[in-house]
Amino acid sequence: MEKYINNYVIVAIFIVLGILLPVVALTVGRMLRPNKPNEEKKTTYESGNEPVGEGQVRFNVRYYLFALMFVIFDIETVFLYPWAVAYNQLGLFVLVEMAIFVSLLLIGLIYAWKKKVLTWNSI
């Protein structure tokens, strides 16, 4: 019983440290930084030029779709690399699991391709 409680104590310590360390670091940084606001510092900065036009520009949704597709296939490589390194020890069961994983990603790619998410048309 004491072993299980000890595990919970370790988890609780990590949760407290995970919350406390960023709060302390941000608070110390706020106290140590120079704070001399003026009107010139409060203006929008665009590479040293005076800002022209609206500050909020609408971006095409394709930017976000391409970014999402990149993240999905980037995470695929994060899962594939350790599997490829340890393949000899894992056996046939893990080969079947990885085949299912890759086939699901392939189905997602085909779906995105058919929905023409991957085509880039200039606006």
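Residue positions are given per chain, counting from 1 as you read along its sequence in written order. Two thresholds apply to this predicted model, a pLDDT of at least 70 for residue-level local features and 80 or more for giving and counting side-chain atom pairs, whereas whole-chain, interface and lining totals are computed over all residues. Calculation of side-chain values draws on the structure's entire complement of heavy atoms; hydrogens and water are dropped beforehand.

As annotated in an unreviewed UniProt entry, the chain carries the name NADH-quinone oxidoreductase subunit A and is attributed to Paenibacillus oenotherae. In its Sequence similarities (unreviewed entry) section, the UniProt entry covering the chain states "Belongs to the complex I subunit 3 family." UniProt positions are given in the numbering used here, feature names are shortened, and annotations may be inferred rather than shown by experiment. According to the UniProt record, the Catalytic activity (unreviewed entry) comment for the chain reads "a quinone + NADH + 5 H(+)(in) = a quinol + NAD(+) + 4 H(+)(out)".

Draft legend 1. The packing of aromatic side chains, seen in detail. Within 6.5 Å between ring centres, the rings of Phe, Tyr and Trp (the latter by its six-membered ring) count as paired, and their orientation is classed by plane angle as stacked under 30 degrees, edge-to-face over 60, tilted in between. Per the stated rule, a full pass over the model turns up 2 aromatic pairs. Consider the rings of Phe79 and Phe101, whose centres lie 5.7 Å apart with planes at 80°: the pair is edge-to-face. Linking Phe79 in helix H2 (residues 61-85) with Phe101 in helix H4 (residues 92-114), this pair joins segments that are 22 residues apart in sequence. With a relative accessible area of 49%, Phe79 lands in the partly exposed category. Think of it this way: any DSSP run of H or I at least four residues long counts as a helix, any run of E at least two long counts as a strand, and we number them from the N terminus. Buried residues are those whose accessible area, probed at 1.4 Å on protein chains only, stays under 20% of the maximum for their type, while exposed residues exceed 50% and partly exposed ones sit between those limits.

Draft legend 2. Quick look at a nonpolar patch on the surface. On the surface, a nonpolar cluster with roughly 1100 Å² of combined accessible area is contributed by Val57, Phe59, Val61, Tyr63, Tyr64, Leu65, Phe66, Trp113, Leu118 and Trp120. Ranked by residues supplied to the nonpolar patch, first place goes to H2 with 5 residues. In this fold, Val57 is placed in the loop between helix H1 (2-32) and H2. On the basis of relative accessibility, which here comes to 55%, the residue Val57 falls in the exposed class. Like charges within 9 Å and nonpolar side chains (Val, Leu, Ile, Met, Phe, Trp, Tyr) within 5 Å are joined into patches, using only residues over 30% in relative accessible area that form no salt bridge. In short, Shrake-Rupley with a 1.4 Å probe defines the accessible areas, and a residue's cover is counted only from the protein chains shown. Each reported salt bridge corresponds to a side-chain nitrogen of Lys or Arg within 4 Å of a carboxyl oxygen of Asp or Glu.

Draft legend 3. Structural context of the environment of Tyr8. If you trace the backbone, Tyr8 turns up in helix H1. Between the C-alpha atoms of Tyr8 and Pro82, which are 74 residues apart in sequence, the distance is 29 Å.

Draft legend 4. Main features of the UniProt feature "transmembrane region" (unreviewed entry) in the chain. With numbering matched to this structure, UniProt assigns "transmembrane region" (unreviewed entry) to residues 6-28, 63-84 and 90-113. End C-alpha atoms of residues 6-28 are separated by 32 Å, and the span's content is 100% helix alongside 0% strand.

Draft legend 5. A look at the confidence of the model for the chain. As a per-residue measure, pLDDT tells how confident the predictor is, with possible values from 0 to 100. Here the chain averages 83 in pLDDT, and 93% of its residues register 70 or above. Within the chain, H1 carries the highest mean pLDDT (92), whereas H2 carries the lowest (82).

Draft legend 6. View of the environment of Leu32. Note that Leu32 resides in helix H1. Sequence-wise, Leu32 and Asn60 are 28 residues apart; in three dimensions their C-alpha atoms are separated by 41 Å.

Draft legend 7. Molecular detail of H2. By definition here, a helix of n residues has an expected span of 1.5 Å times n minus one. Under the 1.5 Å per step criterion, the end-to-end length of H2 is 37 Å for 25 residues, consistent within 8% with the ideal 36 Å. Looking at H2, one finds that the buried residues are Met69, Glu76 and Trp83. Here, two residues are considered to be in contact whenever any of their heavy atoms come within 4.5 Å of each other. Where the residues of H2 are buried, they touch helix H3 (87-90) and H4.

Draft legend 8. Here's a closer look at the environment of Trp113. Mapped onto the secondary structure, Trp113 falls in helix H4. In this structure Trp113 comes out as exposed when scored by relative accessible area, which is 60%. Along the backbone, Trp113 and Glu54 are 59 residues apart, and their C-alpha atoms lie at a distance of 34 Å.

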